[in-house]
Amino acid sequence: MDRNAKYGCFSSQYSLAVLFWSLYFLYEWIAPASMSDEYARYLLWAVVMVPITMVAGLLIVHVYFKRFYLNDRKKLFWLCVIVTMFVALMLRRSFYYYYTYPVYYPELLVQPFFYLPKIVIDLVNVSLIIALYSLINFIRVYFEQQRLTETLQKENIRSELELLKMQVHPHFIFNTLNNIYSFALQKHPATPNLIHGLSTFLDYNLYTSRQQRVALETELEYIKNYMELEKIRTANRLDISINILTPINGFHVSPMLILPFIENAFKHGVSQETRESWIRVDVSIQQHVLKLKIENSCPVVEDLNVKERSGIGLQNVKRRLEILYNGSHKIDFLKSEGAFLVILELPNLLE
């Protein structure tokens, strides 16, 4: 637990203690005083009696329970509880016997100091107040633990999403750097475009991708840039088309969510083709749902099934989809002769 969390727990614990014992003080003072109209008398009563019970309760709940009971030293815990309760009862009995009785009830002085019925009544009263304080405190701790657990789960999910983002494109960066090196040696005119395209790609990865969601237009520009970089490696035998069939303004997705499907199209389809190849991306919004179709050519002789194409990249994006959309998305893989199709449906992340 970090410093802020510890401070928050201490603050709520302190506030609860102040509130509880203040209300108990008012109860011990106002309730009997309002019936007898003796406010000064019962103010003194509350000033003496409430701190005795309060100290006992604070020791039992916040000291003995934490230091002894939770550390499996239960015998010592109960010993401390018994001693503390005995001291509290003796202090209360002393106030009765040496102040209240002589001043207000002298006839009760015939009772011995250790008058068992009165001690039992006091024991029950003190125990009930401490038990009530313990219950309220334990309820507070429970809800704080629930809140901390939810916070940790969110942090873990956020960390997992960031890790999954970083795992979807390392081979592409490696290949592009190799291309830039090769083109630079050849003094190829496409070298500046490659460098600019890669810098734009990395800028998106390092900065824009840290956002929880981005506009669909921004994500598609990123995809276009990626595809142009890949296209340079295919010696112009690749035909790329990105078709936006409906307005997409106001639609948001998680950054780098679409890229693994495009990477997959290059890795298992286009890169294995020796003839003309193609990738087609159709984007449409229907009833606030994004419908994305990514289709690519692939070798006819390749006996390719969905499992074989679901490498690390697609496994990662499937996990991200589960975390982000919690089952509200749809994804299908279709294989036909010479082509592979991915159909993805996503709700708007802003809704």
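Bear in mind that the values here come from a model prediction, so they are computed numbers and not experimental data.

Peer 1: I would appreciate a short explanation of the sheet that holds strand 5 (residues 289-297) in the present structure.
Peer 2: Either a parallel or an antiparallel arrangement is found when strands of a sheet pair, and the pairing is made through backbone hydrogen bonds. Within the open sheet, the five strands sit side by side as 2-4-5-7-6. Their pairing is mixed. If you trace the sheet from one side to the other, it starts and ends with strand 2 (238-244) and strand 6 (330-336), each paired once. When the angles between neighbouring strand axes are averaged without regard to direction, this sheet yields 10°. In this sheet, strand 5 lies alongside strand 4 (residues 277-286) in antiparallel orientation, the contact comprising eight bridges. Among the inter-strand pairings, Asp-282 is bridged to a residue of strand 5, identified as Lys-293. Sheet strands in contact with helix 7 (residues 216-232) are strand 2, strand 4 and strand 5, and its direction is about 175° off that of strand 2.

Peer 1: Got a minute to help me understand the nonpolar core in this structure?
Peer 2: Generally speaking, soluble globular proteins have nonpolar side chains that are buried together. Core analysis: the largest hydrophobic core is formed by 47 residues, its most contacted members being Leu-216, Met-227, Ile-262, Phe-266 and Val-281. Top contributing element to this core by residue count: helix 7, with seven residues. What Met-227 contacts, discounting residues up to four positions off in sequence, is Ile-240, Ile-242, Ile-262, Phe-266, Ile-279 and Val-281. Counting residues in hydrophobic clusters, the runner-up holds 24 residues, among them Phe-68, Val-81, Tyr-96 and Ile-130.

Peer 1: How should the pairing of strand 6 be read in this particular structure?
Peer 2: Both faces of the sheet carry side chains from a regular strand, because those side chains alternate between them. Pairing between strand 6 and strand 7 (residues 339-347): seven bridges, direction antiparallel. Paired with Lys-335 across the bridge in strand 7 is Phe-340.

Peer 1: Would you mind showing me how to read the packing of helix 6 (residues 191-206) against helix 7 here?
Peer 2: The description of two helices packed together rests on the angle between their axes and the distance between the axes. Between helix 6 and helix 7, the least distance of the axes is 10 Å, while the angle of their chain directions is 145°. At the point where helix 6 passes helix 7, the crossing takes the left-handed sense. For the pair helix 6 and helix 7, the contacting residues are Asn-193, Leu-194, Gly-197, Leu-198, Thr-200, Phe-201, Tyr-204 and Asn-205 in the first and Thr-218, Glu-219, Tyr-222, Asn-225, Tyr-226, Leu-229 and Ile-232 in the second. Of the residues assigned to the contact of helix 6 with helix 7, the class counts are eight nonpolar, six polar and one charged.

Peer 1: Would you explain the packing of aromatic side chains in this entry?
Peer 2: To describe a pair of aromatic rings, one takes the distance between the centres and the angle between the planes. Inspection of every chain in the model, using the stated rule, returns 27 aromatic pairs. Relative to Phe-68, the ring of Tyr-64 has its centre 6.2 Å away and its plane inclined at 15°; by these criteria the two rings are stacked. In this pair, Tyr-64 and Phe-68 both sit in helix 2 (residues 39-69), four residues apart, roughly one turn of the helix. The buried category is assigned to Phe-68, whose relative accessible area is 14%. Judged by centre distance (5.2 Å) and plane angle (45°), the rings of Phe-65 and Phe-138 are tilted. One end of the pair, Phe-65, is in helix 2; the other, Phe-138, is in helix 4 (residues 116-166), with 73 residues separating them in the sequence. Taken together, the ring pairs connect Trp-45, Phe-95, Tyr-96, Tyr-97, Tyr-98, Tyr-99, Tyr-101, Tyr-104, Phe-113 and Phe-114 into an aromatic cluster. Seen from the ring of Tyr-69, Lys-74 lies directly overhead, with NZ or CZ sitting 4.9 Å from the centre. Across from the ring centre of Tyr-96, 4.3 Å away, lies the NZ or CZ of Lys-118, which sits over that ring.

Peer 1: I'm lost on the pattern of salt bridges in this one. Help?
Peer 2: When the charged atoms of two side chains lie near each other, side chains of opposite charge can form a pair. This model, assessed by the stated rule, comprises five salt bridges. Of the charged contacts in the structure, one is a salt bridge between Lys-74 and Asp-72, with a shortest N-O distance of 3.2 Å. Residue Asp-122 pairs with Arg-92 through a salt bridge whose shortest N-O separation is 3.6 Å. Taken together, the residues Asp-122 in helix 4 and Arg-92 in helix 3 (residues 74-104) connect sequence positions 30 residues apart. Given the relative accessible area of 2%, Asp-122 is considered buried.

Peer 1: Any chance you could explain the UniProt feature "transmembrane region" (unreviewed entry) in the protein here in plain terms?
Peer 2: Here, UniProt's "transmembrane region" (unreviewed entry) annotation points to residues 12-30, 42-64, 76-99 and 119-143. Segment residues 119-143 splits into 100% helix and 0% strand. End C-alpha atoms: 36 Å apart.

Peer 1: In this structure, what is going on with unusual backbone geometry? I would like to understand it.
Peer 2: Trans is the common state for peptide bonds, and a negative phi is the common state for residues other than glycine. Even without being glycine, Met-256 reaches a positive phi, approximately 65°. For Met-256, the location among the structural elements is in the loop between strand 3 (252-253) and helix 8 (259-268). At Asn-326, a position not held by glycine, the phi torsion is positive, near 50°. The topology assignment puts Asn-326 in the loop between helix 10 (312-325) and strand 6. On the basis of relative accessible area, Asn-326 is assigned to the exposed category, the value being 70%.

Peer 1: Would you mind showing me how to read a nonpolar patch on the surface here?
Peer 2: Taken together, Leu-79, Val-83, Phe-86, Val-87, Leu-91 and Phe-114 make up a surface patch of nonpolar side chains, about 590 Å² in accessible area. With respect to the helices, strands and loops of the structure, Phe-86 is situated in helix 3.

About the cut-offs
Per chain, residue numbering runs from 1 following the sequence as it is written. Local features in a predicted model are, by the rule used here, given only for residues with pLDDT of at least 70; side-chain atom pairs are given and counted only at 80 or more, and totals for whole chains, interfaces and linings are based on all residues. Side-chain measures were taken over the full set of non-hydrogen atoms in the model, leaving aside hydrogen atoms and water. Whether two strands pair depends on DSSP finding at least two bridges between them. Each helix is a run of DSSP H or I of at least 4 residues and each strand a run of E of at least 2, with the numbering of both proceeding from the N terminus. Between N-to-C directions, angles span 0 to 180 degrees; the directions come from axes that are lines fitted to C-alpha atoms, helices contributing only their stretch in contact. Contacts are assigned to residue pairs that have any heavy atoms within 4.5 Å of one another. For the purposes of this section, nonpolar cores are sets of buried Ala, Val, Leu, Ile, Met, Phe, Trp, Tyr and Cys residues that join through side-chain atoms within 4.5 Å. When a residue's accessible area, from a 1.4 Å probe over protein chains only, is under 20% of the maximum for its type it is buried; when over 50% it is exposed; and in between it is partly exposed. For any helix crossing, the convention is left-handed if the near helix is rotated counterclockwise from the far helix by under a right angle, and right-handed if that rotation is clockwise. As a working rule, the residues Ala, Val, Leu, Ile, Met, Phe, Trp, Tyr, Cys and Pro are called nonpolar, Asp, Glu, Lys and Arg charged, and the rest polar, with Gly in that last group. Each aromatic pair joins two rings of Phe, Tyr and Trp (for Trp, the six-membered one) with centres within 6.5 Å, and gets the label stacked for planes under 30 degrees apart, edge-to-face for over 60, and tilted for any other angle. Charges are assigned to positions over rings by a cutoff of 6 Å between ring centre and Lys NZ or Arg CZ, combined with an angular limit of 35 degrees from the ring normal. Definition used for salt bridges: Asp or Glu carboxyl oxygen within 4 Å of a side-chain nitrogen of Lys or Arg. UniProt positions are given in the numbering used here, feature names are shortened, and annotations may be inferred rather than shown by experiment. The patches described consist of residues with a relative accessible area above 30% and no salt bridge, like charges being joined within 9 Å and nonpolar side chains (Val, Leu, Ile, Met, Phe, Trp, Tyr) within 5 Å. What sets the accessible areas is the Shrake-Rupley method with a 1.4 Å probe; for residues, cover comes only from the shown protein chains.

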